[in-house]
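A look at the structure
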Amino acid sequence: MKHSLAEIAGIAGARLIGDEKIQISGIANIASAGAEDLTFVEDEKLLGDALRSDAGAVIAGEFAAHAAGKPLLIARNPRLAFARVGSFLHPARRHEPGVHSTAIIHHSVQLGKQVAIQPNVVLTEGVVVGDKTRIGPGTAIGADVVIGSNCNIAANVTIYPGTKMGDHVTVHAGAVLGADGFGYVRDPGTGRYEKFPQIGTLVIEDDVEIGANTTIDRGALGPTVIGRGTKLDNMVHIGHNVQVGENVVIAAQTGISGSCVIEKNAVIAGQVGIADHVRIEEGAILGAQCGVPSKKVIRGKGVVFWGTPARPIREYLKELAVLAKLAKKG
Amino acid sequence: MKHSLAEIAGIAGARLIGDEKIQISGIANIASAGAEDLTFVEDEKLLGDALRSDAGAVIAGEFAAHAAGKPLLIARNPRLAFARVGSFLHPARRHEPGVHSTAIIHHSVQLGKQVAIQPNVVLTEGVVVGDKTRIGPGTAIGADVVIGSNCNIAANVTIYPGTKMGDHVTVHAGAVLGADGFGYVRDPGTGRYEKFPQIGTLVIEDDVEIGANTTIDRGALGPTVIGRGTKLDNMVHIGHNVQVGENVVIAAQTGISGSCVIEKNAVIAGQVGIADHVRIEEGAILGAQCGVPSKKVIRGKGVVFWGTPARPIREYLKELAVLAKLAKKG
Amino acid sequence: MKHSLAEIAGIAGARLIGDEKIQISGIANIASAGAEDLTFVEDEKLLGDALRSDAGAVIAGEFAAHAAGKPLLIARNPRLAFARVGSFLHPARRHEPGVHSTAIIHHSVQLGKQVAIQPNVVLTEGVVVGDKTRIGPGTAIGADVVIGSNCNIAANVTIYPGTKMGDHVTVHAGAVLGADGFGYVRDPGTGRYEKFPQIGTLVIEDDVEIGANTTIDRGALGPTVIGRGTKLDNMVHIGHNVQVGENVVIAAQTGISGSCVIEKNAVIAGQVGIADHVRIEEGAILGAQCGVPSKKVIRGKGVVFWGTPARPIREYLKELAVLAKLAKKG
């Protein structure tokens, strides 16, 4: 479906320079954009490429205001403006509402309006599903799980009993939510490990996105909590009783051990390891593969930490430089 | 259901001080315990908090024997005693025995007594399932797999043909057991990788627990073995022909390459990487994120290793300290 | 089924020394081989063990040409020869062609000849499946996915809409192909993360093997591509818009961030972390757990890199040695 550039400028919250009647039907990167596509450029160095491309129009920053050759949308944050146009032109695939005949739904289950319950879904006793939520094929949901409205739970997800989930939550395929935490006590007599009770819960707040094959354990006694707006990439591991604040970003394959607190606005790169009882304070940034030992506190809004044990990146880079110098001499 | 503190003391193997008629119905941590809850304290510093809490009674160590204000259960190992009371008061969710009508079960399958075969389970030719074992929704079990009694296999698990599993094994959702190992041989002529045969087996002994989305590969020629009582956290990877001994603990996201031997009582933290043909000897301890290069032997009961390549933690910490000092000077 | 050693020599492309009428029915390692088994030895030091074993015959290199005691197959590459005999004697389990009655198949789906569509498979609108391809139990395949011929898709796999897959592709259980990449833009006003469009595709070329619980994301705008003959181990993560060339090997738990290019013949060990926009040039080798920072180029056919940030292993080992020496002094 086509939209005038004037309409697109409104969606983008951008200033239009050039022909407002140009028709736009999609978004694309510079290399593949066609005449009906909008592309974007954040970095002034790429502006020439964008202007020479086949794109119908370009979203760019203020730096492009005097450029010629194509209709322009000037935005304060070109990436954000582009993302919004993308969401408008390419909305998420709509799942046909309805309950598939192969879904297995306990008579006590409460389904909201316009839910899409897809093939082979299993909804156990006491499950509640909010309006317009989709549950994908093969997903198994345990007793008394509550899922909010407008959620998108993909295929082959498993949600353990008692998990609570807010609205607008996206869960990608293969994720496992609310499994037992990893807690044992060794019997010094027999040498055997006995299970420490894992009877807590898992609470996932609104607007969370959870990547494919990610696992989040229930609490041992209290809850594990994932705060509003937090985004988890694929294969992230969150241990029991972890408290993740709002608007936290955690990249792929990072693991967070039991009872950690990750405060709001923290940014955690991929393959980071955080031992138990750590506190990552508001807005701290952990570089890829870094490791935080047990019970440490990481503090500093906007400060980047790196290495194992994690330290301010300036220190770490200096250590690397000193070491490289010594090795060259040696 | 309520139990007298006298009965609870018996379960805990603890000495009761105070009112033995107090009624206890659950366990909880100090912060959330109510009047019918038992809580516990291992660390003398937290004893005051426990005594001031709303808990009905407190399990603690000998250090608390003269404390006042609450009924006490004095145990040599308060955490172990608490875990046992927890198991008693909050037993694992019982799965209703029965075979769900949507389960697809080959006529040659042998089912024990009181099994719970849940919706959409697939049991292929020759599968054997022991008494009181539960197989969760969507779990697919390949030909000739043998599963013991009292096992709990969660939802969306996949078990490849020929895997053998003992009794009292717990497998969390999304785990994949017995897939092909990662073995190829390059044809120098074509540059293509050809598959090295992956025709071995996987043997999982009694009392093993396997975390969510963990993968354990079958052997290439012989078996992969997970020893009795061993506990694997989420997203652990065990390669082909690995031999894991008894009572080994392996935390989340650790990977063990082909043909390693992990002897009994080893403790392996999270995100550890162990290259092929490594031997971790009895009782060694590997710190989080450490890396053990190919063919190394790690030796030392109770010795902690850290870093990549893994070395005794004392050495590693000394190196870190020296480096930090040099960087400050530099 | 038995075959004469003469026939086996032909399969192996090896020179036969000894009794060509010996009957061989299987392959085995030295320790477990029986009278009808073929075993192999690459390392001259193990030749004695092989000759003293119960094996019916031994594949070995030229070094064994004058050994006595057993029929021998002399091959330039004993491991490759052995693998080929293994594939011949133990062909992959054949899946009975047919469409199981519980499979849910949209009327628009095109199925090739002799496909095996197993229980509880879901094939959504527009899916195409090539000849002789197997789709395992519980696997869910989204709209417009195209799968080639002779593919083996195991159980509980999820393939997102639009993914294209060539011929002879193997996908192990629990893998998730084509999920959304991890891309957000922060609104500086609200502090909330908004989703960057993830509307690209995933293309998997011929002869690729994908390990259990591995995740490969679709592109954000363009495609993610996995090149012909590439092999991915378990729990590998491939981010959006990554381009992996031909005959690349990537071991377990490695993660590759968005927009990286991995050129052909690269070898990447386990738990490696590669940040976004990195280029790994042809034939480079990344050691286990190493880390490559954003936008770096790793160059050197056959050169091994190690450490974080990844550097040529010679440099890294020298740094380690210098540091250990300083720590001993200090």
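Section: the overall build of chain A
Each helix and strand counted, chain A has four helices and 41 strands in total. Counting only C-alpha atoms, chain A reaches 80 × 75 × 30 Å along its principal axes. Of all 330 residues assigned to chain A, the portion counted as buried reaches 58%. Here the contacts in chain A between residues at least 6 apart in sequence split such that 21% fall between residues at least 24 apart.

Details of the pairing of strand E24 (residues 201-204) of chain B
Residues and elements named next belong to chain B. Taken together, the two bridges between strand E19 (residues 164-165) and E24 define a ladder with parallel strand orientation. Looking at the pairing, Lys 164 lines up with Val 203 of E24. Here four bridges tie E24 to strand E27 (residues 223-226), and the two strands are oriented parallel to one another. Residue pairing for E27: Thr 201 is matched across the bridge by Pro 223.

Let's talk about the relation of the copies chain C and chain A
When chain C is brought onto chain A, the operation consists of a screw motion whose angular component is 120 degrees and whose axial shift is 0.0 Å, with 0.0 Å RMSD remaining. As the rotation angle and translation indicate, the two copies are arranged about a three-fold axis. Taken together, the interface assignments show that only 19% of the residues at the interface of chain C recur at the interface of chain A, consistent with different surfaces on the two copies.

Some points on the interface of chain C and chain A
On the side of chain A, 47 residues touch chain C, which itself brings 43 residues to the contact. Every element with two or more residues in the side of chain C that touches chain A is listed here: strand E21 (176-179), strand E22 (184-186), strand E23 (193-195) and helix H4 (313-329) of chain C. Considering each element in turn, the side of chain C that touches chain A owes the most residues, five residues, to H4 of chain C. Its residues placed into classes, the side of chain C that touches chain A shows 19 nonpolar, 16 polar and eight charged.

Notes on the nonpolar core
Counting 218 residues, the largest nonpolar core has Leu 286 of chain A, Leu 286 of chain B together with Leu 286 of chain C as its most contacted members. Contact partners of Leu 286 of chain C, with chain neighbours within four places excluded, come to Ile 268, Ala 269, Val 272, Ile 280, Phe 305 and Ala 310 of chain C.

As for the interface of chain A and chain B
Contact with chain A, which involves 43 residues of that partner, is made by 48 residues of chain B. Put simply, the parts of the chain that give the side of chain A that touches chain B at least two residues each are strand E21 (176-179), strand E22 (184-186), strand E23 (193-195) and helix H4 (313-329) of chain A. Per-element accounting of the side of chain A that touches chain B gives the leading share, five residues, to H4 of chain A. Here the side of chain A that touches chain B is built from residues that sort into 19 nonpolar, 16 polar and eight charged.

A closer look at the packing of H4 of chain A against helix H4 (residues 313-329) of chain B
Direction vectors running N to C along H4 of chain A and H4 of chain B enclose 95 degrees, while the axes themselves pass 9 Å from each other. Accordingly, the angle class assigned to the pair H4 of chain A and H4 of chain B is roughly perpendicular. Here Glu 315, Lys 318, Glu 319, Val 322 and Leu 323 of chain A of H4 of chain A lie close against H4 of chain B, whose contacting residues are Leu 323, Ala 324, Leu 326 and Ala 327 of chain B. For the contact of H4 of chain A with H4 of chain B, the residue count by class is six nonpolar, no polar and three charged.

What about the environment of Gly 48 of chain A?
Within the secondary structure layout, Gly 48 of chain A lies in helix H2 (residues 47-52). Along the sequence, Gly 48 of chain A and Ala 67 of chain A sit 19 residues apart, while their C-alpha atoms lie 9.0 Å from each other.

Description of the relation of the copies chain A and chain B
Take chain A, turn it by 120 degrees, move it 0.0 Å along the axis, and it overlays chain B with an RMSD of 0.0 Å. A share of only 19% of the interface residues of chain A reappears at the interface of chain B, consistent with the copies meeting through non-equivalent patches.

Some words on helix H3 (residues 78-89) of chain B
Owing to its 3.6 residues per turn, the α-helix brings residues three or four apart onto one side. All names here are of chain B. With twelve residues, H3 extends 16 Å between its outermost C-alpha atoms, agreeing within 8% with the 16 Å of an ideal straight helix rising 1.5 Å per residue. The buried count for H3 comes to nine of twelve residues, which makes it a mostly enclosed element. All of the buried residues in H3 are Pro 78, Leu 80, Ala 81, Phe 82, Ala 83, Arg 84, Val 85, Gly 86 and Leu 89.

Examining the sheet that holds strand E36 (residues 279-280) of chain B
Residue and element names in this part refer to chain B. Strand order in this open sheet of ten strands is E10-E13-E16-E19-E24-E27-E30-E33-E36-E39, and the pairing throughout is parallel. At either margin of the open sheet sits one strand with a lone partner, and together these are strand E10 (110-111) and strand E39 (297-298). In the sheet, E36 pairs with E39 via two bridges, with the strands oriented parallel. When the bridges of E39 are listed, Arg 279 appears paired with Val 297.

Points about the domain arrangement of chain A
Many descriptions give the size of an interface as the accessible area lost when the pieces come together. Domains assigned within chain A are domain 1 (3-89) and domain 2 (98-314). Inter-centroid distance (C-alpha atoms) of domain 1 of chain A to domain 2 of chain A is 37 Å.

Comments concerning the sheet that holds strand E29 (residues 237-238) of chain A
A sheet is described by the order of its strands in space; here ten strands give the open sequence E9-E12-E15-E18-E21-E26-E29-E32-E35-E38 (chain A), paired in parallel fashion. Unpaired on one side and paired on the other, strand E9 (104-105) and strand E38 (291-292) of chain A mark the two borders of the sheet.

Rules used in this analysis
Here, residues in each chain are numbered from 1, in the same order as that chain's written sequence. Labels follow written order: the first chain is A, the first ligand is 1, and so on. Thresholds applied to this predicted model are a pLDDT of at least 70 for local features of residues and 80 or more for the giving and counting of side-chain atom pairs; totals over whole chains, interfaces and linings are not thresholded and use all residues. Put simply, DSSP marks the helices as runs of H or I at least four residues long and the strands as runs of E at least two long, and each gets a number from the N terminus on. In this scheme the burial state of a residue depends on its C-beta neighbours within 10 Å: 20 or more other such atoms mean buried, 12 or fewer mean exposed, and anything in between means partly exposed; the C-beta positions come from the backbone. Any pair of residues counts as being in contact when their C-beta atoms, constructed from backbone geometry, are within 7 Å of one another. Here a strand pair is declared whenever DSSP counts at least two bridges between the two strands. Alignment of copies: least-squares fit on C-alpha atoms of residues with pLDDT of at least 70 in both copies. Residue type decides the class: Asp, Glu, Lys and Arg count as charged, Ala, Val, Leu, Ile, Met, Phe, Trp, Tyr, Cys and Pro as nonpolar, and the leftover types, Gly among them, as polar. Structurally, a nonpolar core is described as a collection of buried Ala, Val, Leu, Ile, Met, Phe, Trp, Tyr and Cys residues joined by way of C-beta atoms within 7 Å. All axes here are fitted lines through C-alpha atoms, helices being fitted over the stretch that makes contact, and every angle between N-to-C directions spans 0 to 180 degrees. By definition in this entry, angles of less than 35 degrees are roughly parallel, angles greater than 145 are roughly antiparallel, angles of 65 to 115 are roughly perpendicular, and the rest are oblique. Expected span, for any helix, means 1.5 Å times one less than how many residues it has. Delimitation of the domains relies on an automatic or database domain assignment.

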